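Remarks on the overall topology
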Amino acid sequence: MPWREWVRTVEIEPSLYAADFGHLAEQIEVLLHAGARIFQFDCGDGRFIEPITMGPIVLASISEQIHAMDGKIDCHLMVENPAKHCGACAQAGADSVTFHYEAVRDVRGCVQAAREHDLEVGLAFNPGTPVAEAIATAENVDIVLCMSSEPGYSGQEFLPESLERIALTRQLLPPEVHVQVDGGINEENVRAAYDAGATLLVSASAIFGREDLARAYRRLVQALA
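The structure displayed is predicted, hence computed values, not measured ones. (Residues numbered from 1 in each chain as written. Predicted model: local features only at pLDDT ≥ 70, side-chain atom pairs only at ≥ 80, totals over all residues. Heavy atoms only, no water.)

The next thing to look at is the sheet that holds strand S1 (residues 11-14). Sheet strands line up and pair through hydrogen bonds in the backbone, either parallel or antiparallel. If you walk across this open sheet you meet the 8 strands as S1-S8-S7-S6-S5-S4-S3-S2, and the pairing is parallel. Two strands bound the open sheet, and with one partner strand each, they are S1 and strand S2 (38-44). Strand-to-strand twist in this sheet, taken as the mean axis angle between neighbours without regard to direction, amounts to 25°. As paired strands, strand S4 (residues 96-100) and strand S5 (residues 120-125) are joined by 5 bridges and run parallel to one another. Each residue of the ladder has a partner; that of Thr98, found in S5, is Gly122. In the packing of helix H5 (residues 107-115) onto the sheet, the strands contacted are S4 and S5, and the crossing angle to S5 comes to about 150°. (Pairing = 2+ DSSP bridges. Helix = DSSP H or I, 4+ residues; strand = E, 2+ residues; numbered from the N terminus. Axes fitted to C-alpha atoms, helices over the stretch in contact; angles between N-to-C directions. Contact = heavy atoms within 4.5 Å.)

Now for the nonpolar core. Core analysis: the largest hydrophobic core is formed by 64 residues, its most contacted members being Leu16, Phe41 and Ile166. Residues contacting Phe41, with those up to four places away along its chain left out, are Leu16, Met54, Gly55, Val58, Leu59, Ile62, Ile73, Asp74, Cys75 and His76. Counting 5 residues, the second-largest nonpolar core is a separate cluster that includes Trp6, Val7, Ile38 and Ile143. (Core = buried A, V, L, I, M, F, W, Y, C linked by side-chain atoms within 4.5 Å. Buried < 20%, exposed > 50% of the residue type's maximum accessible area, 1.4 Å probe, protein only.)

Structure below.
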């Protein structure tokens, strides 16, 4: 079943970049039982973004656990030349890859590279990139990620101008393409982001920065009600 048919009306995606890697499997287990079904897995190469983050070895260690409870893994590729990483992500258990408009010259070719590995695919763009410019290249994608903070570091604040950018993204896309938001999503702004048109809401420190992960996840869900 394609991911676009599997996603509920709206999903809160815990971002594993902010997790405690000494207790990663336990934290994933807690969130799966709390109702999380999609996890964002951030890959940074130290070039497109400054930090070097997680890679396929970590992904392979958790993918079976997530899939066993019908969860999905959404890889956010904050890397140069993302097309060359699609195969490794798919082999490690990714269900989708999202790459950055700013990182590639050939968006269509990168989408095709993901499809060749049976991956769902998303296109991300940064806060400084004109929305219409990025959306004009978003052909044959399942997700468009409107970054609400600069990519690279967890714990950043949500940029207020992102709400207008989310709304324009939603307006310019066909209805079957999901709008995703990543950057500073918390209880105070998650409903506004949803109302603006986002259906995939990535949250890092608002979940993993709390002692009770299940309660933190559920509070975000409740804030959408």
